[in-house]
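Single-letter residue listing:
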Amino acid sequence: MQLNNYIIGTLGSHTALQILKGAKDEGFRTLLVTLPRHKAFYQTFPFIDEIITIPNFSNFPEVEQELVKKNVILIPHGSYVAYLGFEKNKNMKVSYYGNKDVLDWEENRAKQRQWLLASGITMPRQFELNEEITYPVIVKSHGAAGGGGYFLAKDKVDLEKKIKTFGPKRYVIQEYKIGVPLYVHYFYSPLTDKLEIMSMDRRYETNVDAIGRVPHSMQENIELEPSFVVVGNSELVLREGMLSTAYDMGRRVVETSKKLIGKRGIFGPFCLETIITPDMKFSIIEISCRIVAGTNLFINGSAYSWLYYNEHMSTGRRIAREIKNAINENKLDLLLD
Amino acid sequence: MQLNNYIIGTLGSHTALQILKGAKDEGFRTLLVTLPRHKAFYQTFPFIDEIITIPNFSNFPEVEQELVKKNVILIPHGSYVAYLGFEKNKNMKVSYYGNKDVLDWEENRAKQRQWLLASGITMPRQFELNEEITYPVIVKSHGAAGGGGYFLAKDKVDLEKKIKTFGPKRYVIQEYKIGVPLYVHYFYSPLTDKLEIMSMDRRYETNVDAIGRVPHSMQENIELEPSFVVVGNSELVLREGMLSTAYDMGRRVVETSKKLIGKRGIFGPFCLETIITPDMKFSIIEISCRIVAGTNLFINGSAYSWLYYNEHMSTGRRIAREIKNAINENKLDLLLD
Amino acid sequence: MQLNNYIIGTLGSHTALQILKGAKDEGFRTLLVTLPRHKAFYQTFPFIDEIITIPNFSNFPEVEQELVKKNVILIPHGSYVAYLGFEKNKNMKVSYYGNKDVLDWEENRAKQRQWLLASGITMPRQFELNEEITYPVIVKSHGAAGGGGYFLAKDKVDLEKKIKTFGPKRYVIQEYKIGVPLYVHYFYSPLTDKLEIMSMDRRYETNVDAIGRVPHSMQENIELEPSFVVVGNSELVLREGMLSTAYDMGRRVVETSKKLIGKRGIFGPFCLETIITPDMKFSIIEISCRIVAGTNLFINGSAYSWLYYNEHMSTGRRIAREIKNAINENKLDLLLD
């Protein structure tokens, strides 16, 4: 079986450039499904061989047959999952890089919590509205994507006031940890049973990353309410003495997934979203079970990926490398759903 | 005509290292005009073939004849424009990379606003002192460079107090948008009619980027007044779903410039300085019509430039590549003034 | 004498990955001494040829004889110095990259201050508890590592209250400068008498880098006390017009060390930890006399190192290159203690 029997494809948003650039660097043909308004932009990149447009991302299932016929391997990312929705995603017939059983454990916040806690990972406390609550808290609607649908509450009065005008009816109330955020991008290969730390980032959130630039005396005037909409990312490295702890967390998440989710468990790229408190402990907010947007900082490689590869290895390219290796070893079925 | 008939030169500050490293990588000879106190430092770089010192940057016109004789192509940057001044710059006879007609539209804040608004770009509201003003506002003196000469005012009393002791008499009063700053570095080639997003950054400003580290209770004590002096830059990437919007803004700025400024319009590197609000909209503060200091982060290439070039392509090197291409195609006059 | 007569070794923490990756890239064999709990992680990197574990870092002297026998050149870093302690470090017999006489001038805060002031460098004022103090101040315990053991005080009452419950008895009281931090990573080669600026960073500190994200109204509720524990680093570049000043500071620190500390003075990597105030002046908080953790951002090279080297040159690799050059020139004794 040869590489050019396959096309690597994805949805035109999120990490599509990285995924398709990486696929092309590894020798694959590439295909993008995107919206008409994004087409001119994506067309400027020579590594995208074909662009299909659809009126809305929710129209994706309509091109499914075409993708199957073209032998496309679809690389899912955050926007793919968000736009397509849980059910549609599970029912798609196009070759899908990843284990769809993981989706059940990620989408349901209670099961996700069970998985992470079973992996020996510390998470912030969660509260029910009628429980005794330790303040401040952050309230997150279910299925919130890109940091929209969050709010902070400093005390009971504040929470009860804000919850009244909060649209979503399904949400979690989480202890708000005062610490610095750091996102660890992992890649686990079932072909080699190796886990790699590819890179790290922090999110760039509007307006919460702007309010520190407004002095105290002015904040009094304008009643700032922080929002957490992710519009970018910036690079970080972690203190090396904490790296093995980060690595071990990733390992345990993989091992536990093999028990809880099924034989294959989680593989490929995933991300632990951490808050680091002054006692140098990680508190895990969430797991993302696929490539995350923060990896876009490292299309030309990261300080960490340089340790494993003497080449410009992004997470997107790592995915294509994995698929190529599997094709060469006749093990592609291990990676697809 | 051969490359070594030309020398790429610039003023020793701002982005000079990037420009001359890029020029050398593309095969040009290089020349730097700088101050005596910077000479020892710049001499440590082997890619700078010749250094001429002048007592002050305002003495630059005195070396003009020498540069003309040496067939220097001068690459302007922010410090060049700031130190030389508008009139002197327009009257220089040395070959100048760029369209000097753009300077008129950039220097005059009203014309700049007209250009950007005609490009369909959203800008913060501006006020006159005698108008009804929506607070908070940021007041910027005309010709303020590097973020000096700015102040914030939270209300009318604050504005009127601060304006009294504010030195500059020409200034704009701008709505202060609460959102995160992000600077997009574009490159437009008239040779290929292609626009590229080279990289992105945010500025590192003292002391405004320090005040968030001072807790509330201490800010009460020390009456912090934010200042916006740019002393560095840090890297960012933008949410990919917003990239085509950023790209389209750049496109429209180029197209509009061809109508407003003249046939060539703006070309080469330019930068849109954006604030991103929680509705994920760009508000444009300013345009810089040449290479900006934020590109110094990417002397070894950026995540974005890696998408176009499988080599370490900085904006400085991109300029030299453009000039080389023009020389090879006998189109150098398209790029010079 | 050949490269493979030597092994480059270090302690498994801090910047060990960078140091050993760089050593391997330059052709050396490599050895790591680390704790059992870090072993599995470090074993994933093929550039580490041998790993020796010890129960605690303080057990390091027990492997000394083995390292001497193997002809290891030990590269010290911040954790090495912190864990081993001043006296043990000075008495170790294994080949040590660096000048141990520098340790005396670094460890003693009064001597360090004398050295920097003699280099014409500006430092924040320091106070004794019984002096008249200008507030706010930051109090730092002696030998504080990684940013632990610091506190801020806004006035006399605050200082006196906090000092009572502060564990350490040896500390300095320093003027708290409101400005942005920037760390400059230098490398000075005695083989060539050249000084290079390798890269720059800022520290990522918990929780002080988180408190700006907590709005004013909420800070009132939760009585935030900032802590300065370093858990990571992020990249910066400096305004180019200030680069020659940064370079000159590094030069003077080297020159002065040759007079104060002895003929060799300081060489190899060191770092000036600066605060930049709105007048664009550097205020130097501290010098680190060896490789700092911020260089971990640049394992694949930095914007600055790319100016000197058309290859992926980290500070760790630069050290190995230096040792290789010294071996080839028969000058290794210049670099070792």
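Since the structure is predicted, the reported quantities are computational estimates derived from the model, not experimental observations. (Residues numbered from 1 in each chain as written. Chains lettered and ligands numbered in written order. Predicted model: local features only at pLDDT ≥ 70, side-chain atom pairs only at ≥ 80, totals over all residues. Heavy atoms only, no water.)

Asker: Honestly, the interface of chain C and chain B in this entry has me stumped. Any pointers?
Answerer: It is common to report an interface's size as the accessible area lost on association of the parts. Listed per partner, the contact involves 46 residues of chain C and 44 residues of chain B. Summed over both sides, the interface between chain C and chain B buries roughly 4,100 Å², with carbon and sulfur atoms accounting for 61% of that surface. Three residues stand out in chain C for area buried against chain B, namely Glu240, Trp306 and Leu307 of chain C, and they jointly supply 18% of the buried area on that side. Taken together, the connections running from chain C to chain B amount to two salt bridges. (Contact = heavy atoms within 4.5 Å. Buried area = accessible area lost by both parts, 1.4 Å probe. Salt bridge = Lys/Arg side-chain N within 4 Å of Asp/Glu carboxyl O.)

Asker: What should I look at first to understand the interface of chain B and chain A in this one?
Answerer: If you look at the interface, chain B gives 46 residues, while chain A gives 44 residues. Both sides of the chain B and chain A interface together cover about 4,100 Å² of buried area, and 61% of this is carbon and sulfur. Connecting chain B to chain A are two salt bridges. Put simply, chain B and chain A have 16 residue pairs in polar contact (both at pLDDT 80 or more) between them. Put simply, the parts of the chain that give the side of chain B that touches chain A at least two residues each are strand S8 (150-153), strand S10 (180-189), strand S11 (194-207), helix H9 (216-222), strand S12 (228-235), strand S13 (237-238), helix H10 (243-260) and helix H11 (305-308) of chain B. For the side of chain B that touches chain A, the element with the most residues is H10 of chain B, which contributes four residues. Here strand S12 (residues 228-235) of chain A pairs with S13 of chain B via two bridges, running antiparallel. Note that in S13 of chain B the partner of Asn233 of chain A across the bridge is Val237 of chain B. (Polar contact = N/O pair within 3.5 Å; in protein donor to acceptor, adjacent residues only side chain to side chain. Helix = DSSP H or I, 4+ residues; strand = E, 2+ residues; numbered from the N terminus. Pairing = 2+ DSSP bridges.)

Asker: Got a minute to help me understand the pattern of salt bridges in this structure?
Answerer: Side-chain pairing between opposite charges can occur once the charged atoms of the two side chains come close. Summed over the entire model, instances satisfying the criterion amount to 78 salt bridges over all chains. As a salt-bridge pair, Arg109 of chain C and Glu286 of chain C come within 3.7 Å of each other at their nearest N and O atoms. In this pair, Arg109 of chain C is assigned in helix H7 (residues 109-118) and Glu286 of chain C in strand S15 (residues 282-288), connecting sequence segments 177 residues apart. Glu286 of chain C gets classed as buried once you look at its relative accessible area, which sits at 15%. Among the salt bridges present, the one from Glu311 of chain C reaches Arg317 of chain C, with a minimum N-O distance of 3.5 Å. For Arg317 of chain C, a relative accessible area of 13% gives the class buried. The structure contains a network of salt bridges with shared partners spanning Glu26, Glu311, Arg317, Arg321 and Lys324 of chain A. (Buried < 20%, exposed > 50% of the residue type's maximum accessible area, 1.4 Å probe, protein only.)

Asker: I keep staring at the sheet that holds strand S9 (residues 171-175) of chain A and nothing clicks. Help me out?
Answerer: Paired through their backbone hydrogen bonds, the strands of a sheet run either parallel or antiparallel. Residue and element names in this part refer to chain A. Taken in spatial order, the four strands make up an open sheet running S6-S9-S7-S8, and their pairing is antiparallel. Every other strand in the sheet has two partners, leaving strand S6 (126-127) and strand S8 (150-153) as the edge strands with one partner each. On the sheet, helix H8 (residues 156-165) packs against strand S7 (137-141), S8 and S9 and is oriented at approximately 150 degrees with respect to S8. (Axes fitted to C-alpha atoms, helices over the stretch in contact; angles between N-to-C directions.)

Asker: Can you help me understand unusual backbone geometry in this one?
Answerer: Only a minority of non-glycine residues have a phi that is not negative, and only a minority of peptide bonds are not trans. Asn207 of chain A follows Thr206 of chain A through a cis peptide bond whose omega is 0 degrees. On the secondary structure map, Asn207 of chain A appears in strand S11 (residues 194-207). Following Tyr135 of chain B, the chain continues to Pro136 of chain B via a peptide bond in cis, the omega torsion being -5 degrees. The phi dihedral of Asp193 of chain A is positive, around 55 degrees, even though this residue is not glycine. Assignment of secondary structure puts Asp193 of chain A in the loop between strand S10 (180-189) and S11. Among the residues examined, Asp193 of chain A registers a relative accessible area of 38% and is labelled partly exposed. Phi at Asn330 of chain C takes a positive value of approximately 60 degrees, unusual for a residue other than glycine. When you line up the elements, Asn330 of chain C lands in the segment after helix H12 (315-328).

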